[in-house]
Amino acid sequence: MAKQNTKLKIKQLALHYFLEKGYAQVSVGDLSKLMGISKGTFVFHYPTKENLLVELIKDLCEFQWQVLEQEIKVENDPLVAYLYELATMAGSCYDNPPIRQLYVSAYVHPASLKVIRENDTVKAKKVFGTYCKEWTEQDFIIAEDIVSGIEYSMFATEHEKEIPLDDRLSGIFDVILKSYRVPEDIRKETIQKVLSMEYRELGKRILNEFREYVEETHQKELEEAVAKKQVKQKNRRE
């Protein structure tokens, strides 16, 4: 259990510094020193920094979708939910280089990109199945390869003040929905609805709540470990 606590503490600390300084600016050596552990101990839990990124992205994908399910009725309006998730991610990156760098890194590294594509392919089949009834599994995989590239450009491009974020997202979302054969009238209506929502504020909130979630998970695991240890010690004495 001590090993598991170390792993959770690494994740907690890494998330904090990735969001504060940027993924590229924080090294394995930095995290090891901050934790007071050797690089060997770090590598035992996470062979590379990319392995740590993969685990954080898995958790973040799941967490932000759970938040969206609370915010809107996903099942009743899956198109809005799909675009709203992307909008919140883009909104949280606006004027926040470290967060933008974290998302860009997730789309650059093959292992984390694989997680994103697999997660989004499953989601796309549920959201766009009505519009792509004759599509095979391979068709959705190919479409997601293209869409993930579009999403990468959304994060990688620094937002210029003379081009409003709403305008950028409107064009990007239209291309994505076209890729999945969504009719023009539905595209326009859905995009307008999403951009009228408070996506920037929600994006910031999700990241703050995710950080708290990781910290609370670590604390809960630590408390459980202490409790189990105390029970074992008591049983031995008896």
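Before any of the text, the structure's been laid out above.
Figured I'd write up the structure that's included with this text. (Residues numbered from 1 in each chain as written. Predicted model: local features only at pLDDT ≥ 70, side-chain atom pairs only at ≥ 80, totals over all residues. Heavy atoms only, no water.)

Observations regarding empty space enclosed by the protein
Test applied: Put simply, the grid is 1 Å and covers the protein atoms alone, a cavity is a trapped set of points that fit a 1.4 Å probe, a pocket is an open set with protein on both sides within 12 Å along at least five of seven lines, and lining residues have an atom within 4 Å of a point. Grid points are joined across faces, edges and corners, and a volume is the space filled by probe spheres set on the points. Helix numbering and strand numbering both begin at the N terminus, where a helix is a DSSP run of H or I of at least 4 residues and a strand a DSSP run of E of at least 2. Residues are grouped as follows: Ala, Val, Leu, Ile, Met, Phe, Trp, Tyr, Cys and Pro are nonpolar; Asp, Glu, Lys and Arg are charged; every other residue, Gly included, is polar.
For the coordinates displayed, the defined rule picks out three cavities of 30 Å³ or more. Elements with a contribution of two residues or more to the lining of the largest cavity: α4 (49-71), α5 (78-93), α6 (97-108) and α7 (110-128). In the lining of the largest cavity, the residues fall into 10 nonpolar, two polar and four charged. Here the second largest cavity defines a volume of roughly 40 Å³. Lining the second largest cavity we find Leu15, Leu56, Ile57, Leu60, Leu102 and Phe210.

Some points on unusual backbone geometry
Glycine aside, negative phi is the norm for most residues, and most peptide bonds take the trans geometry. To keep it simple, the criterion reads: Per-residue accessibility, obtained with a 1.4 Å probe over protein chains only, is compared with the maximum for each type, and a residue is labelled buried under 20%, exposed over 50%, and partly exposed between these values.
The phi torsion at Arg181 lies on the positive side, around 65°, for a residue other than glycine. By the element assignment, Arg181 lies in the loop between α9 (165-179) and α10 (184-195). According to the relative accessible area criterion, Arg181 is partly exposed, its value standing at 45%.

Thoughts on the side chain of Thr121
Rules: Polar contact is defined as a pair of N or O atoms within 3.5 Å, subject to the rule that within protein one atom must be able to donate a hydrogen and the other to accept it, and that residues adjacent in sequence are counted only when both atoms are side-chain atoms. Should any heavy atoms of two residues lie within 4.5 Å, those residues are counted as being in contact.
As for its placement among the helices and strands, Thr121 is situated in helix α7. For Thr121, a relative accessible area of 7% translates into the label buried. At 2.7 Å, the side chain of Thr121 forms a polar contact with the backbone oxygen of Arg117. Not counting the four nearest positions on each side in its chain, Thr121 is found in contact with Glu137, Phe140, Ile141 and Glu144.

Focus: the nonpolar core
Across soluble globular proteins, nonpolar side chains show a tendency to be buried alongside one another. For clarity, the threshold we go by: Grouping buried Ala, Val, Leu, Ile, Met, Phe, Trp, Tyr and Cys residues that are joined through side-chain atoms within 4.5 Å yields what is termed a nonpolar core.
By size, the foremost hydrophobic cluster in this structure holds 75 residues, and its most contacted members are Phe18, Leu52, Tyr82, Phe128, Leu169, Phe173 and Tyr180. Excluding residues that lie within four positions of it along the chain, Phe18 makes contacts with Tyr23, Val26, Leu31, Lys49, Leu52, Leu56, Pro98 and Leu102.

Some details on the packing of aromatic side chains
Note the threshold: Any Phe, Tyr or Trp ring, taking Trp's six-membered ring, that has another such ring centre within 6.5 Å forms a pair; planes under 30 degrees apart are called stacked, those over 60 apart edge-to-face, and the others tilted. By definition here, charges over rings are those cases where NZ of Lys or CZ of Arg is within 6 Å of the ring centre and within 35 degrees of the ring normal.
According to the stated counting rule, one finds 12 aromatic pairs in the structure shown. Summarising the aromatic geometry, the rings of Phe63 and Phe210 are spaced 5.6 Å apart at their centres and angled 50° between planes, so their arrangement reads as tilted. Of this pair, Phe63 sits in helix α4 while Phe210 sits in helix α11 (residues 199-237); the two residues are 147 residues apart in sequence, bridging distant segments of the chain. The burial state of Phe63 is the same as that of Phe210; both residues are buried. Aromatic ring contacts, followed pair by pair, group Tyr82, Phe128, Trp135, Phe140 and Tyr180 into a single cluster. Over the ring of Tyr94 we find Arg200, and its NZ or CZ is 4.4 Å from the ring centre.

What about the environment of Val122?
Mapped onto the secondary structure, Val122 falls in helix α7. For Val122, a relative accessible area of 47% corresponds to the partly exposed category. Sequence-wise, Val122 and Ile141 are 19 residues apart; in three dimensions their C-alpha atoms are separated by 9.2 Å.

Points about the packing of α5 against α10
Inclusion rule: Each axis is a line fitted through C-alpha atoms, and for a helix only the stretch in contact is used; angles between axes span 0 to 180 degrees, taken between their N-to-C directions. In what follows, roughly perpendicular refers to angles from 65 to 115 degrees, roughly parallel to angles under 35, roughly antiparallel to angles over 145, and oblique to any angle outside these ranges. A clockwise turn of the near helix away from the far one marks a right-handed crossing, whereas an anticlockwise turn of less than a right angle marks a left-handed crossing.
Axis separation between α5 and α10 bottoms out at 9 Å; the angle between their running directions is 50°. Taken together, the axis directions place α5 and α10 in an arrangement best described as oblique. The crossing of α5 and α10 is right-handed. Here Leu79, Val80, Leu83, Tyr84 and Ala87 of α5 come into contact with α10, specifically with Ile186, Thr190, Ile191, Lys193 and Val194. Here the contact of α5 with α10 is built from residues that sort into eight nonpolar, one polar and one charged.

A few points about α6
Stated precisely, the cut-off is as follows: Expected helix span is computed as 1.5 Å times (number of residues minus one).
Taking 1.5 Å per residue as the helical rise, α6 with its 12 residues ought to reach 16 Å, and the 16 Å between its terminal C-alpha atoms agrees with that figure. A large share of α6 lies buried, amounting to nine of its 12 residues. Burial in α6 covers these residues: Pro98, Ile99, Arg100, Leu102, Tyr103, Val104, Ser105, Ala106 and Tyr107.

Geometry only, nothing functional implied.
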